[in-house]
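For reference, the chains in residue letters:
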Amino acid sequence: MKFLDRLGQELLFFDGAMGTMLQSQGLKAGEMPELWNLTHKEIILDIHKSYLDAGCNIVKANTFGINPFKMDHCEELTEKGIELAKQAVAETGKEAFTALDIGSLGRLLSPMGDLPFEEAYEAFKPICIAGERAGADLCLIETMNDTYEIKAAVLAAKENTSLPILVTMVCDENGKLLTGADMEAVTAMLEGLKVHAIGLNCGFGPDKMKDLLVQLRKICSLPLVVNPNAGLPQVINGKTCYHVEPQEFATVMKEIALEGISVMGGCCGTTPAHIKALVDTCKGIAPLKVTDKNRSVVSSYTHAVVLDQHPKIIGERINPTGKSRFKQALRDNDLEYIYREALVQQEKGAQILDVNVGLPEIDEREMMKKVITGLQGITDLPLQIDTSDIECMETALRLYNGKPLLNSVNGKQESMDAIFPLAAKYGGMVVCLTLDENGIPETAEGRIRIAERMIKEAAKYGISQKDLLIDTLTMAISTGQDHAKITLEALHYVRHVLGVHTTLGVSNISFGLPQREKVTTAFFTMALANGLSAGIVNPNSASIMAAYHAFCTLNGSDIQCADYIRLYSQQTEEHKSEKSSKEEPSLCESVIKGLTQSAYEAAKKELKTRQPLSIIDQDLIPALDQVGQGFENKTLFLPQLLMSAEAAKAGFSAIKEHLQSQGTISESKGTIVIATVKGDIHDIGKNIVKVLLENYGFYVIDLGKDVPAEKIVQAVKENHVKLVGLSALMTTTVVNMKETIQMLKKEAPECRIMVGGAVLTQNYADMIGADFYSGDAMGSVRYANELFSQNIK
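What you are looking at is a predicted structure, and each value in this text was computed from that prediction instead of being measured. (Residues numbered from 1 in each chain as written. Predicted model: local features only at pLDDT ≥ 70, side-chain atom pairs only at ≥ 80, totals over all residues. Heavy atoms only, no water.)

A.B. asks: In this structure, what is going on with the side chain of histidine 310? I would like to understand it.
C.D. replies: Among the secondary structure elements, histidine 310 is positioned in the loop between strand S12 (304–307) and strand S13 (312–318). A distance of 3.3 Å separates a polar atom in the side chain of histidine 310 from a polar atom in the side chain of tyrosine 548. Sequence-distant contacts of histidine 310, that is, excluding residues within four places in its chain, are made with Gln351, Tyr548, Cys552, Ser557 and Asp558. (Helix = DSSP H or I, 4+ residues; strand = E, 2+ residues; numbered from the N terminus. Polar contact = N/O pair within 3.5 Å; in protein donor to acceptor, adjacent residues only side chain to side chain. Contact = heavy atoms within 4.5 Å.)

A.B. asks: Honestly, the layout of surface pockets in this entry has me stumped. Any pointers?
C.D. replies: A probe matching the size of a water molecule, rolled over the atoms, marks out where space remains unfilled. Size it by volume and the second largest pocket reaches roughly 1300 Å³. Taken together, 46 residues form the lining of the second largest pocket, with Asn319, Thr321, Asp386, Gly505 and Asn508 sitting closest to its centre. Looking at the lining of the second largest pocket, the elements that each hand over two or more residues are S13, strand S15 (383–386), strand S16 (405–410), helix H16 (413–426), strand S17 (429–433), helix H19 (516–529) and strand S20 (534–537). Looking at the lining of the second largest pocket, its residues break down into 16 nonpolar, 19 polar and eleven charged. (1 Å grid on protein atoms, 1.4 Å probe; cavity = no way out; pocket = protein on both sides within 12 Å on 5 of 7 lines; lining within 4 Å. Points joined across faces, edges and corners; volume = space filled by probe spheres on them. Nonpolar A, V, L, I, M, F, W, Y, C, P; charged D, E, K, R; others polar.)

A.B. asks: Could you clarify how one ought to interpret the sheet that holds S16 in this entry?
C.D. replies: Within the closed barrel, the eight strands sit side by side as S13-S14-S15-S16-S17-S18-S19-S20. Their pairing is parallel. Averaged over neighbouring strand pairs, the angle between their axes works out to 30 degrees when direction is ignored. Sheet analysis places S17 next to strand S18 (residues 468–471), joined by four bridges and oriented parallel. Bridge pairing links valine 431 to leucine 469 in S18. Contacts from helix H14 (residues 364–378) reach S13, strand S14 (352–355) and S15, with the element oriented near 175 degrees to S15. (Pairing = 2+ DSSP bridges. Axes fitted to C-alpha atoms, helices over the stretch in contact; angles between N-to-C directions.)

A.B. asks: Just to check I follow, could you spell out unusual backbone geometry for this structure?
C.D. replies: Residues apart from glycine generally show negative phi values, whereas peptide bonds are mostly found in trans. Residue proline 111 follows serine 110 across a cis peptide bond; omega there is 10 degrees. With respect to the element layout, proline 111 can be found in the loop between strand S3 (97–102) and helix H6 (117–133). Looking along the chain, the bond that leaves asparagine 407 and enters serine 408 is cis, with omega of 20 degrees. Following the sequence through the fold, serine 408 ends up in strand S16. The phi dihedral of lysine 194 falls on the positive side, at around 60 degrees, and the residue is not glycine.

A.B. asks: What's the story with helix H5 (residues 74–92) in this structure? I'm lost.
C.D. replies: The periodicity of an α-helix, 3.6 residues per turn, causes residues three or four places apart in sequence to face the same way. Over its 19 residues, H5 extends 27 Å from the first C-alpha to the last, a length consistent with the 27 Å expected when each residue adds 1.5 Å. Residues of H5 that are buried make contact with helix H3 (36–39), helix H4 (41–54), strand S2 (58–60), S3 and H6. Positive phi appears at glycine 93, one or two residues downstream of H5, with a value of about 70 degrees. (Expected span 1.5 Å × (residues − 1).)

A.B. asks: Where do I start with the packing of helix H17 (residues 444–460) against helix H18 (residues 483–498) in this structure?
C.D. replies: Put simply, H17 and H18 touch, their axes get as near as 8 Å, and they point 40 degrees apart. Taken together, the axes of H17 and H18 lie oblique to each other. Between H17 and H18 lies a crossing of right-handed hand. The segment H17 lies against H18, with Ala444, Glu445, Arg447, Ile448, Ala451, Glu452 and Ile455 engaging Ile486, Thr487, Glu489, Ala490, Tyr493, Val494 and Leu498. Of the residues in the contact of H17 with H18, the class split is nine nonpolar, one polar and four charged. (Parallel < 35°, antiparallel > 145°, perpendicular 65-115°, else oblique. Left-handed = near helix turned anticlockwise from the far one by under 90°.)

A.B. asks: Where do I start with the pattern of salt bridges in this structure?
C.D. replies: Where side chains of opposite charge bring their charged atoms close, a pairing between them can arise. Evaluated as defined, the whole model comprises 35 salt bridges. For glutamate 83, the salt bridge goes to lysine 80, with nearest N and O atoms at 3.3 Å. Remark: lysine 80 and glutamate 83 occur in helix H5; sequence separation between them is three residues, near one turn of the helix. Under the relative-accessibility criterion, glutamate 83 is labelled partly exposed at 37%. One salt bridge connects arginine 398 with glutamate 118, and the closest N-O pair in it is separated by 2.7 Å. One end of the pair, arginine 398, is in helix H15 (residues 390–399); the other, glutamate 118, is in helix H6, and 280 residues separate them in sequence. Owing to a relative accessible area of 12%, arginine 398 belongs among the buried residues under this scheme. Residue glutamate 118 is classed as partly exposed on the basis of its relative accessible area of 32%. If you follow the salt bridges from partner to partner, you end up with Glu118, Glu159, Glu394, Arg398 and Lys425 in one network. (Salt bridge = Lys/Arg side-chain N within 4 Å of Asp/Glu carboxyl O. Buried < 20%, exposed > 50% of the residue type's maximum accessible area, 1.4 Å probe, protein only.)

Listed below in structure tokens is the structure:
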């Protein structure tokens, strides 16, 4: 039987930790396990056989760490890894599948990092091709903590192979990925991309994963996978060990299996004994039937927006139609004006942002690339990609980090033939305009017929009606007295009879009339009452938003009137003054919002009347502190943190330029050496810490990744450094962190050492002799500030 024939029909079992087993066979700290596919074939073969004998029926090939940024001959290593796994299956005579195992590239994708999305895709592509060519039965993309990298890997597998795709993530105890995505956001994106199963691996033991998987099952319409660690790592006699014994592991995994999991196995620390106990304990448990949760959802890189009884606001302002200032911003490549439009709409209550940058005299596709990428670093709202250019649409869909809203398709066959395949490929909800080759029907019945035809056509591409938003088209009442009535009649039928969600471009209703807002607001309220799921409106309009919040209170979707009370309890009948994107933000505001150019210009403006130190102490540092506090409290996420850091850097640059022009040199708070330890090529966390430390006034010597202990000690001694930051992501390299700490304690005893990395804990940091551990970058900044404020000697 093929893998997909068994997935979800019976409980399947992955193997355990190849890295743990290789370490027991002499793999040195920092040595690349995948090279053993060529140099130690018999050991790899024996490990696979031991897991097969333990009862697993999916073998993960020794290909997890293969990527072109850290090794050559990636395709050869991949093929050999698959061949060894298949050889083990053949020699044991077991009925088992071979999984191409793909891990993280170890770099952050832009706009957060320096790796372009398409370069990440190209890095994964040859590995996927080689894996299928060598005979893999499925592709496991695992230990992922960034939705953007996940998307690059999934597209590489999806576009270049026919392999079933399983994706497992590593998250924190709150179910969030490093870059901020919650389980709803990841699920929405991966269901849209039509992977075959999703789940969790690494990070925790099975006990902590249980609750997260229960939550995931409530929202996920796919089979679930779980591959936990055997607990958290500990150092015993210089070796990394895991404390959860096989039977304890299996007992908790049985509880998880009974929740309906389809595939189970192990990650770090799980030996053949763990897998044997798991299989013996759980074999025979049937996975619960996977059901369609029927959720209409779009997502950003952090969260999902679900279309339900509570109607949603789609901000209309990122669109050049009728906006001369916006058109000029597009011509001038003034992206920050566009970003400010987004931020103002978000502040006013928009839950989704429409993005249209079409202008005849510019390259729409290139502008869309810039705007989509940039907006995702500025705001965490889901985006509605609004264009009639098919190439531009596909570019935006490909670069979008999440599950977007596509605007739009219509009833013309040509339009459906072009748009529905894109929606099926990249995932997304689709706005469906009720017009066709004959134009816009003048009756509600005519628009309903087009809606029904589009629903049937979408189904041919595997697009469910839950992923459609029908637009029954708002026509100006100034050109037809019945236009509002026809639109609302069709809207009501689509929502309440066909059961499909609806949207409208609301403001069109008042075109050509005086005091348009009054008519628009009344029509908006009528549309909401007739079943409008998401209105495309101007959220800067106080009357529109007041009508919206009042309606949500009256229809019961604003639970206990909480939003209404929060928004209006402190307001008088006179509305608060509205903020416009035309207003230049202050320096503090620019940093908080991540507006780089605005921060630079604001700092230059402040320098005309204030002293540099005053600007740093009263504007830049407080802004960074506020963002850092939000990051620690999980109200802001990594992209906002990094964009704010970049904005602060721009502000500091303006100050440095000013000081240089005055013949003055700014002083550093102190010098810090940072490095990723020997054998580890993952520098995401280190780079984040570097950006923040520099913004807080420290001089950072970044030694890079895969750095020997001797080089770190040398840099400390030569530069008389009092604080070192060490990073490690892989369990196979934390031993090198301990060796580095020991050498530093011996050679530079006055130097303090802070450590971080996904595999570390406070207990582990204490055991290896670190002076400070933090689970996030801001903790390192606060420690450095505290340490240097004490004038350490």
